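For reference, the chains in residue letters:
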Amino acid sequence: MASNSYHKEHDHRSDSRHGLDHSHTHEHDHYGDYRRYIARKWVFLFVLLALLAAVIVVSASVGSSGISVLEVARALVGGGEETSRTIVWNVRVPQIATGIAVGIALAMAGAVMQNVLRNPLASASTLGIAQGASFGAAVAIVFFQAGVQLGAASAVTHTITSPYLVVIFAFLGGIATTAIILLLSRVAGVSPTSLILAGVALSALFTASTALIQYFADDVRIASIVHWTFGSLSRAGWTEIAIIFAFNAIAFVYFTYNRWNYNALESGTATAKSLGVNVDSLILVGMVVSTLISAVAIAFVGTINFIGLIAPHIVRRFIGNDYRFLIPASALMGAVIILVADIASRTIASPALLPIGALTSFMGAPLFLYLIIRQGKQGQA
Amino acid sequence: MSCLKPTAENPMISVRGISHAYGDKQVLRGVSFDAQAGEVVAILGNNGAGKSTLITCINKIRSPKSGSVVVAGQDFYEMSRIERARHMSYVAQKSEAHQITVFDAILLGRKPYIKWGLGPEDIDKCNAVIEHMGLEDFKLRMIDELSGGELQKVMLARALVQEPQVLLLDEPTSNLDPKNQHAVLSFVHDIARSHNITVLVVLHDVSHALRYCDKFLMLQGGQVYSYGDASSVTEQAIFDIYGVESSIVDIHGRKVVVVN
């Protein structure tokens, strides 16, 4: 190919200009610079991983049964007393695993939605996808007997009897919202900024619909839905956790495979197309996969807002907008945030448990406002 | 890859009968022209003449209603997305700057060549272009902190790392001060010559075009008004295209358009 000569010619010229050895070391230096820069991003990922490990240990040792951190650590590796092991492995570990799975799902989905919709405010909860998924799950619980409340007094006995049905309905609710969002942005030409307003309308619609269902449901099911809409990490069993992780794994591979495409799309649609990116399918599949993992997570733990907004934004502060690192780092950060929120929910008003969804909203809403202000300022500039 | 070596008979790029419409509004009407390897072609015309639409139709960012493009003897529209990106690169009029480094922004030009991960040759090729364009000093800066001129150079570097045969530039000087306008156009001119790349560049400043370009495609209402070398850019043509009376004067051996 004629143009391939560019670099050969250039290399040749730089060799003759600088002398072979000099140009060689020069180029070597360039390599080093960039390697060090990339190494810093890897360090950040490992720091996040260490942070997650620390939060896991703290989370496992926080609770009403008063087991020490050391005892928890022993139980985690299979040592210590029988009762400690039972509490750690049967109560706390599933809760932590749920938190990690849900945090990863919501944060990855948020990072990708922000990219493909070209809007930093996009996430499952700000677009109404979470509310759509909640509505779908509520329909499954009320009309298809997919969930029952075993004892209204206890917070942890709510059980989803047919997890698959709840997932399917949650996904249908979420994807209906996504379809509307995509139609508005792709067909009707609604601007990325206005999409969030559409999200407000859709959220209100689905929240009202969920309320309407409650109005017609019997007491037991109302309790079931109300409890469910609070959001809790304690209701998912190992099957549910495995389902969320399985979907996360598929999504992670797909997102990672497309990391260069997301980076290209950050430079604008036209530039991405000129780089060989199939922009339409990147947006469509990205939204569907993001909706799927969000809906699956929401189906099992209820509404936990803003994780998809907070996690990618914190991560961007440290490693920029490079999707090679943003996707795994957001996933880890999502897990960390949700576990921290869970710890807070169990300690702030101990022994009472605060709903985790309320706590993430307390963290997320101010950030959301901050981002709106910043976006407004950029718009004026 | 089998491709014909571009010669006078086999131009690097051959655009035939490109027509496009937005709804009922016909924007391009049967635009045809050829350009050789190493040539810089200025695309001139008033606002709404279809200049930007033409270049986005040529690289199929937009699918034109009709027409064809042949690059180095191959039907460009029949190529896969990746193949197209390996033949033709594009710098948009307005680049969206975000939080990535200059190096990573330039590395994006390797996107059509990356399968799963980066290879050492991708890094090498980036470094070669960075060095050639003198961008070493700020290659680890974030692109959203760059000045307009610096950002434009980064976007050019990205387009070159793509190793194109044809480079499309949509008003590359629109946000630049005079010094940077000349720096960018002079670089584009040199790179076309030294690396046998055909450059199609949308320009508003006819004097710039006369100084840095070899051929001049003048568009009027989506049609080709004239296509040829500097002699085709006449005072009459400028009047017909832009509706202004002007004089083309010779200053230090360079043609300059002065609006009367």
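What counts, and where the lines are drawn
- Residues numbered from 1 in each chain as written.
- Chains lettered and ligands numbered in written order.
- Predicted model: local features only at pLDDT ≥ 70, side-chain atom pairs only at ≥ 80, totals over all residues.
- Heavy atoms only, no water.
- Buried < 20%, exposed > 50% of the residue type's maximum accessible area, 1.4 Å probe, protein only.
- Helix = DSSP H or I, 4+ residues; strand = E, 2+ residues; numbered from the N terminus.
- Pairing = 2+ DSSP bridges.
- Core = buried A, V, L, I, M, F, W, Y, C linked by side-chain atoms within 4.5 Å.
- Contact = heavy atoms within 4.5 Å.
- Buried area = accessible area lost by both parts, 1.4 Å probe.
- Salt bridge = Lys/Arg side-chain N within 4 Å of Asp/Glu carboxyl O.
- Polar contact = N/O pair within 3.5 Å; in protein donor to acceptor, adjacent residues only side chain to side chain.
- Nonpolar A, V, L, I, M, F, W, Y, C, P; charged D, E, K, R; others polar.
- Arc of directions from axis to C-beta.
- Phe/Tyr/Trp six-rings, centres within 6.5 Å; stacked < 30°, edge-to-face > 60°.
- Lys NZ or Arg CZ within 6 Å of the ring centre and 35° of its normal.

Caption draft 1: The pairing of strand S9 (residues 215-220) of chain B, seen in detail. All names here are of chain B. Burial analysis of S9 places 5 of its 6 residues in the buried class, which makes it a mostly covered element. Relative to S9, strand S3 (residues 40-44) runs parallel, the two being bridged by 4 bridges. By the bridge assignment for S9, Val 41 is matched with Lys 215. Two strands pair when backbone bridges link them, and S9 and strand S10 (residues 223-228) are joined in this way by 5 bridges, in the antiparallel orientation. Note that in S10 the partner of Met 218 across the bridge is Ser 226.

Caption draft 2: Seen up close, the nonpolar core. Counting residues in hydrophobic clusters, the biggest one holds 164 residues, and the most contacted among them are Leu 117, Leu 127 and Phe 255 of chain A together with Ile 106, Ile 143, Val 154 and Val 199 of chain B. With 17 residues, the top contributor of residues to this core is helix H4 (residues 82-116) of chain A. With residues up to four places along the chain from it excluded, the contact list for Val 154 of chain B reads Val 102, Ala 105, Ile 106, Leu 135, Phe 138, Ile 143 and Leu 146 of chain B. In this structure, Phe 33, Met 88, Tyr 90 and Leu 217 of chain B belong to the second largest nonpolar core, which totals 32 residues.

Caption draft 3: View of the sheet that holds strand S5 (residues 74-75) of chain B. Residue and element names in this part refer to chain B. Taken together, the 4 strands give an open sheet; going across it, the order is S2-S1-S4-S5, and neighbouring strands pair in antiparallel fashion. Pairing within the sheet leaves two strands with one partner each, and these edge strands are strand S2 (25-35) and S5. Taken together, the 7 bridges between strand S1 (residues 13-22) and S2 define a ladder with antiparallel strand orientation. Looking at the pairing, Ile 18 lines up with Val 31 of S2.

Caption draft 4: Representation of the interface of chain A and chain B within the structure. With 46 residues of chain A in contact, the opposing surface of chain B contributes 50 residues. Between chain A and chain B, a total of about 4,300 Å² is buried, with carbon and sulfur atoms accounting for 59% of that surface. One can count 1 salt bridge joining chain A with chain B. Arg 324 of chain A is the salt-bridge partner of Asp 104 of chain B, the closest N and O atoms lying 2.8 Å from each other. Linking chain A with chain B are 7 residue pairs in polar contact (both at pLDDT 80 or more). If you list the elements that add at least two residues to the side of chain A that touches chain B, you get helix H1 (5-18), helix H2 (20-61), helix H9 (238-257), helix H10 (259-266) and helix H11 (269-274) of chain A. Looking at the side of chain A that touches chain B residue by residue, the classes come out as 13 nonpolar, 19 polar and 14 charged.

Caption draft 5: View of helix H8 (residues 235-242) of chain B. All names here are of chain B. Listed in full, the buried residues belonging to H8 are Ala 237, Ile 238 and Ile 241. Viewed end-on, H8 has its buried residues packed into an arc of 100 degrees, placing them on one side of the element. At the C-terminal side of H8, Gly 243 shows a positive phi close to 75 degrees.

Caption draft 6: Region of interest: the packing of aromatic side chains. Within this structure, the stated rule accounts for 10 aromatic pairs over all chains. Summarising the aromatic geometry, the rings of Phe 255 of chain A and Tyr 262 of chain A are spaced 6.4 Å apart at their centres and angled 65 degrees between planes, so their arrangement reads as edge-to-face. For Tyr 262 of chain A, a relative accessible area of 0% puts it in the buried group. Members of the aromatic cluster, each reached through a chain of ring pairs, are Tyr 254, Phe 255, Tyr 262 and Tyr 323 of chain A. Note that Arg 259 of chain A overlies the ring of Trp 116 of chain B, its terminal NZ or CZ placed 4.8 Å from the centroid.

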